[in-house]
Amino acid sequence: GWGESSINAVSCTSNGNCVAGGGGAGQAFLVTETNGKWSSALAVPGATELPAAGGSASVNSVSCSSVGNCGAGGISDQLGGNYGQAFVVNEVNGTWGSAQVVPGVPNHNNSSGSSGVNSISCTTPLSCSAGGYDYATSNMDGFVTSEVNGVWGTAIEISSGSTSTQIVSVSCGSATSCTAGGYGESTYAGSSAIVVSEANGVWGKAVGLPGLAAINGPSSDFAGGSNVSSVSCRGVGDCSVGGQVSVSVTDTVGFVDNETRGVWSKALVIVGVVNTSGTFGGNAFINSVSC
């Protein structure tokens, strides 16, 4: 059996045709629904947790461009050191290949560090983009990587002028135009929501979202700041994001923002959410956006 297990992601191409992924019993797995019938879980080839490694193995994100053509990403310490390695894997015409390490992401073999894919987005068979993190010793680097005709490119480090960054969500409007979101964090200044866009196959620099700096209240290393939790693109340069931003040391609110023809508008705070005492604030946030 799978012991304790969880489903972390689902992607559907039509009614009754979906793929889900997760982790259980030290194994990253995928399960497929075809014409309304779910298969048994399939262990991702080459993505098993090493015995007694103390690491993890799981599929964190799945994206399907058509029935039988999908991509998935996650973390597995079999592919790297004892602390986890970012991996991607593709399905072509209904057959899953073997997991592969994201090119350019360091192998933290037997050292204090890990990496993982948080999000993947596929627009056509064997054309996907993915984003995640690479953690080494005291800082974390967010990364993005793109697949073209089945070949994954070298991961690109995302820097926002902060000591640590992480890409949380990726969405593509076409095979060569995507947007990724996450956060950059300075040790004593909290986090800042960031987005980075790919245009014609070239990834740009991370930028902040208009209006969030004015909303953000007092912050510290453990409280405050902002982050993007989810990105959804419906076309090239037309995306939406959601996340959270602090309005005080103890209170956060959810926000949304839209990109239209490559230009981001001013972020909007979601109003009407109150905490148990009936006051505005508390701990509110946006977890997922879909367009």
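Parameters and conventions
- Residues numbered from 1 in each chain as written.
- Predicted model: local features only at pLDDT ≥ 70, side-chain atom pairs only at ≥ 80, totals over all residues.
- Heavy atoms only, no water.
- Helix = DSSP H or I, 4+ residues; strand = E, 2+ residues; numbered from the N terminus.
- Buried < 20%, exposed > 50% of the residue type's maximum accessible area, 1.4 Å probe, protein only.
- Contact = heavy atoms within 4.5 Å.
- 1 Å grid on protein atoms, 1.4 Å probe; cavity = no way out; pocket = protein on both sides within 12 Å on 5 of 7 lines; lining within 4 Å.
- Points joined across faces, edges and corners; volume = space filled by probe spheres on them.
- Nonpolar A, V, L, I, M, F, W, Y, C, P; charged D, E, K, R; others polar.
- Core = buried A, V, L, I, M, F, W, Y, C linked by side-chain atoms within 4.5 Å.
- Disulfide = S-S within 2.5 Å.
- Pairing = 2+ DSSP bridges.
- Polar contact = N/O pair within 3.5 Å; in protein donor to acceptor, adjacent residues only side chain to side chain.

Asker: For the overall build of the chain, give the residues involved together with the corresponding values.
Answerer: Assigned secondary structure in the chain consists of 1 helix and 24 strands. Put simply, the chain has 291 residues, and 49% of those count as buried. A fraction of 46% describes how many contacts in the chain between residues 6 or more apart in sequence connect residues 24 or more apart.

Asker: A description of the environment of Leu212 should follow, citing residues and the corresponding values.
Answerer: When you line up the elements, Leu212 lands in helix H1 (residues 212-215). When the C-alpha atoms of Leu212 and Val269 are compared, they prove to be 9.0 Å apart, with 57 residues separating the residues in sequence.

Asker: With reference to specific residues and values, describe the layout of surface pockets.
Answerer: Rolled over the atoms, a probe with the dimensions of a water molecule shows which regions are left empty. Roughly 510 Å³ of volume is contained in the largest pocket. If you go around the largest pocket, you meet 25 residues; those closest to its centre are Ser61, Ser119, Ile120, Ser169 and Val170. When contributions to the lining of the largest pocket are tallied by element, the ones reaching two or more residues are strand E1 (5-14), strand E6 (57-66), strand E11 (113-124), strand E16 (164-174) and strand E20 (226-235). Each residue belonging to the lining of the largest pocket can be placed in one class, and the counts come to 11 nonpolar, 14 polar and no charged.

Asker: Mind laying out the nonpolar core, listing which residues take part and the relevant values?
Answerer: Generally speaking, nonpolar side chains in soluble globular proteins are found buried as a group. Membership of the largest hydrophobic core comes to 15 residues, with the highest contact counts inside it found for Leu30, Val44, Val59, Val62 and Phe87. Only strand E3 (27-34), strand E5 (42-48), E6, strand E7 (69-76) and strand E8 (85-92) provide two or more residues apiece to this core. The biggest single contributor to this core is E6, with 3 residues. Within the second largest apolar cluster, 14 residues are counted, among which are Ala193, Val228, Val241 and Phe255.

Asker: Pulling in residues and values, what's your account of the side chain of Ser63?
Answerer: Structurally, the position occupied by Ser63 is in strand E6. By relative accessible area, which is 10% here, Ser63 ends up buried. Look past the residues within four positions of Ser63 in its chain and what remains in contact with it is Ser11, Cys70, Gly71, Ile120, Ser121 and Cys122.

Asker: Talk me through the state of the cysteines; I want residue IDs and the actual numbers.
Answerer: Summed over all chains, the structure comprises 5 disulfides. The disulfide bridge from Cys64 ends at Cys70, spanning 2.1 Å between sulfur atoms. Taking the torsion about the S-S bond as the criterion, the Cys64 to Cys70 disulfide, at about 100°, is right-handed. With relative accessibility at 4%, the residue Cys70 sits in the buried group. In this model Cys172 forms its disulfide with Cys178; the gap between the sulfur atoms is 2.1 Å. Given an S-S torsion of about 95°, the disulfide between Cys172 and Cys178 has right-handed geometry. With relative accessibility at 10%, the residue Cys172 sits in the buried group. Residue class for Cys178 comes out buried when judged on its relative accessible area of 2%. Here Cys291 stays unpaired: no disulfide links it, and the sulfur of Cys233, its closest cysteine neighbor, is 8.2 Å away.

Asker: Go over the environment of Ser5, please, and point to the residues and values.
Answerer: Relative to the helices and strands, Ser5 resides in strand E1. Along the primary structure Ser5 and Phe29 are separated by 24 residues, whereas in three dimensions their C-alpha atoms are 9.5 Å apart. With sequence-adjacent residues up to four places away left out, Ser5 is seen in contact with Gly23, Gly24 and Phe29.

Asker: Any chance you could break down the pairing of E11 for me, citing the residues and the numbers?
Answerer: Among the 12 residues in E11, 9 count as buried, and that is most of the element. By the bridge criterion, 10 bridges tie E11 to strand E12 (residues 127-136) in an arrangement that is antiparallel. Directly across from Thr124, in E12, lies its bridge partner Ser127. Hairpin connection, E11 to E12: the antiparallel pair is bridged by 2 residues, and Leu126 has positive phi, about 65°.

Asker: How would you summarise unusual backbone geometry if you had to cite specific residues and measurements?
Answerer: Not every positive phi belongs to a glycine, and Asn35 is a case in point at roughly 50°. Structurally, the position occupied by Asn35 is in the loop between E3 and strand E4 (37-38). The exposure class of Asn35 is exposed, given its relative accessible area of 69%. In this structure, Leu126 is a non-glycine residue whose phi angle is positive, near 65°.

Asker: Pulling in residues and values, what's your account of the side chain of Ser230?
Answerer: If you trace the backbone, Ser230 turns up in strand E20. The exposure class assigned to Ser230 is buried, which follows from its relative accessible area of 6%. Within polar-contact distance, the side chain of Ser230 engages the backbone nitrogen of Val289 at 2.9 Å. Those residues within four positions of Ser230 in sequence are excluded, and the remaining contacts are Ser169, Ser240, Val241, Gly242, Asn287, Ser288 and Val289.

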